[in-house]
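Chains, contacts and geometry: an overview
Here is how the chains run, residue by residue.
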Amino acid sequence: MKSEEKSYERIANQLDGTRGWVVTAACFMAAFLTDGITFCFGLILFELIQVFDEPVEKVAWIPSFLLGIQLLSGPLASALSNRFGFRAVIVSGSVLGFAGLTCSSFAPSVDVLFLTVGLMCGVAFGLVWTPAVVAVSYFENRRSLATGVVMCGSGMGTFVFAPFIYWLLENYALRGTFLILGALYLNCAAVGAFFRPMKRGGRKSRGTVIKLNVKRRQCNTARQLLENTDVSMLALERGQSDMSTEECVIEEELRPADFVEDGTKQVDVLCGTDQMESSRNRSIFKFSLFRSPSFVLVCTSSFVQLLGSFVPYVYLTAYAIDMGISKEAASFLLSIVGVTNTVGNIAVGALTSHPKVSVLLTNNIALSLEGLLLIACPLFTTYGALVFFAVMYGLCSCKLKHVSF
């Protein structure tokens, strides 16, 4: 029992500590590389049209597949992270993304790019991006700020990769650009090495041991004890979560002769890894969150919001060029979105860390402004107006990332 207490004390000491900020920096770099390539892929559309001589209606499906499969692979990445850990999933995604981008440089047609960029890179980016966003469990009091710092990687990646991809296309053409981007993305494997689990110390923990004082007249059997005890709340106090009666056992049998004169007995309830392992092996997906109405509403809102949220990242450059703006100036619009998104993420992360600030209210305001900007986008026809659009859209993109349950 003393080793158990020391284990949880050691974990508590790691929260909001140096290791948390190291993992946050690793998450930042993962988001930097993943979103930097994804959001700036619209710059490659023109080269694809010219190299493969395909209509824009067909080529435009490639970034759509990339973004769509990346987001659809989120539940898979989350389940694999629960089973194998963040490090293994991120390293696997990095290797798969490297293979997809490298194979894209040898693609003979646009149809092959649907497989290499759309499917392979889409799944790979999802495997890297999802753990990078949720791996802020090293923080207890400053989790919103840590999440904001991580999401700054998305904005900084857009800011850096927009002119960088334009430069690569001008100097190394399409196929060379894919090779260099693939080599850069392989660095996510090195980033994933920093995702180390928190050490518990002492002997290997079997789970959470909770001592209970049991009255004989209330519980004569071990099963009755578990059914009459809210073990999930007790386990939560010791650092566990999502516990149920089926995941706990009594350390010793309840025997009538063991009860003392006042009819009570102290027993140990074990809730933890040994019992949870068999449950996880049956199903790696957790559907208990969908019992929360607020969670379902936020998921539905996110689904509708994401239908149009990424459109400016992919087509803003093409729209600006269609308005008569040069390709170099048009690519700079994405950099503006990236810079303002970075500033906004830091501001929102710091703001929502304050207990008096409503996270959902902040999210809803930003979401509403973003929708109004998208509706008014056809009215922005000059470069100055598009710069204003890029600034405001980058600021309003800082939403839902800090909402937690």
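Predicted, not measured: the structure shown is a model, and the values here were computed from it.

1. Quick notes on the overall build of the protein
Assigned secondary structure in the protein consists of 18 helices and 3 strands. Within the protein, the fraction of its 405 residues that count as buried is 45%. Counting contacts in the protein only where the partners sit at least 6 residues apart, residues at least 24 apart contribute 81% of the total. Split by element, the accessible area of the protein, about 19900 Å² in all, is 63% carbon and sulfur.

2. Examining the side chain of Thr-317
Within the fold, Thr-317 resides in helix 15 (residues 311-322). Beyond its immediate chain neighbours, meaning those up to four positions away, Thr-317 contacts Leu-43, Phe-46, Ala-330, Ser-331 and Leu-334.

3. Quick word on the packing of helix 5 (residues 61-72) against helix 8 (residues 110-134)
It is the contact of helix 5 with helix 8, at a shortest axis distance of 7 Å, that shows an interaxial angle of 30 degrees. Between helix 5 and helix 8, the interaxial angle falls into the category roughly parallel. In this structure, the crossing between helix 5 and helix 8 has a hand that is right-handed. Contact residues: helix 5 offers Trp-61, Ile-62, Phe-65, Leu-66, Ile-69 and Gln-70, while helix 8 offers Val-110, Leu-113, Phe-114, Val-117, Gly-118, Leu-119, Cys-121, Gly-122, Val-123, Phe-125, Gly-126 and Trp-129. Partitioned by chemical class, the residues of the contact of helix 5 with helix 8 number 14 nonpolar, 4 polar and no charged.

4. A word on the confidence of the model for the protein
Mean pLDDT over the protein stands at 76; residues scoring 70 or higher make up 70%. At the level of individual helices and strands, the protein shows its lowest average pLDDT in helix 13 (residues 273-282), which scores 42, and its highest in helix 7 (residues 86-104), which scores 95. Note on residues 230-265: pLDDT under 50 across the span, and 88 contacts to partners over four residues away in sequence or across chains.

5. Some details on the nonpolar core
The biggest cluster of nonpolar side chains holds 66 residues, and the ones touching the most others in it are Leu-48 and Ile-62. Sort the elements by how many residues they give to this core and helix 9 (residues 143-185) lands first, with 11 residues. With residues near it in sequence (within four places) discarded, Ile-62 still touches Phe-41, Leu-48, Val-110, Leu-113, Phe-114 and Val-117.

6. Re the packing of helix 6 (residues 74-84) against helix 7
Viewed as axis vectors pointing N to C, helix 6 and helix 7 meet at an angle of 130 degrees, and their least axial separation amounts to 7 Å. When the interaxial angle is binned, helix 6 and helix 7 end up oblique. Taking contact as the criterion, the partners of Ala-77, Leu-80, Ser-81 and Phe-84 in helix 6 are, on helix 7, Phe-86, Ala-88 and Val-89.

7. Some words on the packing of aromatic side chains
Enumeration according to the criterion identifies 17 aromatic pairs in this entry. Ring geometry for Phe-161 and Phe-164: centres 6.0 Å apart, planes at 80 degrees, overall edge-to-face. Separated by 3 residues within a single helix, Phe-161 and Phe-164 lie in helix 9, roughly one turn from each other. The class of Phe-161 is buried, set by a relative accessible area of 3%. Plain terms: the ring middles of Phe-380 and Phe-389 are 5.7 Å apart, the flat faces sit at 50 degrees to each other, and that makes the pair tilted. Residues Phe-380 and Phe-389 agree in their burial class; the two are buried. Clustering of aromatic rings is evident, with ring pairs tying together Phe-39, Phe-310, Tyr-313, Phe-380, Phe-388, Phe-389 and Tyr-393.

8. Notes on the side chain of Ser-81
By the secondary structure assignment, Ser-81 is in helix 6. Here Ser-81 is in contact with Phe-86, Val-89 and Pro-131, once residues within four sequence places are set aside.

9. With respect to helix 3 (residues 45-52)
Along an α-helix, residues three or four positions apart point the same way, because every turn accommodates 3.6 residues. Among the residues of helix 3, Leu-45, Glu-47, Leu-48 and Phe-52 are the ones counted as buried. Buried residues of helix 3, viewed axially, fall in a sector of 160 degrees; they line one side.

10. Things to note about the pattern of salt bridges
All told, the structure shown has 2 salt bridges when counted by the stated rule. Here Glu-54 and Lys-58 are joined by a salt bridge, their closest N and O atoms 3.9 Å apart. Given the relative accessible area of 27%, Lys-58 is considered partly exposed. Among the ionic pairs, Lys-58 bridges to Asp-111, the shortest N-O distance being 3.1 Å. Here Lys-58 is found in helix 4 (residues 56-59), whereas its partner Asp-111 is found in helix 8, with 53 residues between them in sequence.

11. Section: unusual backbone geometry
With a phi angle near 55 degrees, Asp-53 is a residue other than glycine that sits in the positive phi range. Within the fold, Asp-53 resides in the loop between helix 3 and helix 4. Using a relative accessible area of 67% as the deciding quantity, one classes Asp-53 as exposed. Even without glycine at this site, Ala-173 takes up a positive phi of about 65 degrees. Judged by relative accessible area, Ala-173 falls into the partly exposed class, the value being 43%.

12. Focus on a nonpolar patch on the surface
There is a patch of nonpolar side chains on the surface, built from Phe-159, Val-160, Val-339, Val-343 and Leu-395 and spanning about 350 Å² of accessible area. Elements supplying a minimum of two residues to the nonpolar patch: helix 9 and helix 16 (327-352). Overall, Val-339 belongs to the partly exposed group, its relative accessible area being 34%.

Thresholds applied
Residues numbered from 1 in each chain as written. Predicted model: local features only at pLDDT ≥ 70, side-chain atom pairs only at ≥ 80, totals over all residues. Heavy atoms only, no water. Helix = DSSP H or I, 4+ residues; strand = E, 2+ residues; numbered from the N terminus. Buried < 20%, exposed > 50% of the residue type's maximum accessible area, 1.4 Å probe, protein only. Contact = heavy atoms within 4.5 Å. Areas by Shrake-Rupley, 256 points an atom, 1.4 Å probe, with all protein chains shown as cover. Axes fitted to C-alpha atoms, helices over the stretch in contact; angles between N-to-C directions. Parallel < 35°, antiparallel > 145°, perpendicular 65-115°, else oblique. Left-handed = near helix turned anticlockwise from the far one by under 90°. Nonpolar A, V, L, I, M, F, W, Y, C, P; charged D, E, K, R; others polar. pLDDT = per-residue confidence, 0-100. Core = buried A, V, L, I, M, F, W, Y, C linked by side-chain atoms within 4.5 Å. Phe/Tyr/Trp six-rings, centres within 6.5 Å; stacked < 30°, edge-to-face > 60°. Arc of directions from axis to C-beta. Salt bridge = Lys/Arg side-chain N within 4 Å of Asp/Glu carboxyl O. Patch = residues over 30% accessible without salt bridge, like charges linked within 9 Å, V, L, I, M, F, W, Y side chains within 5 Å.

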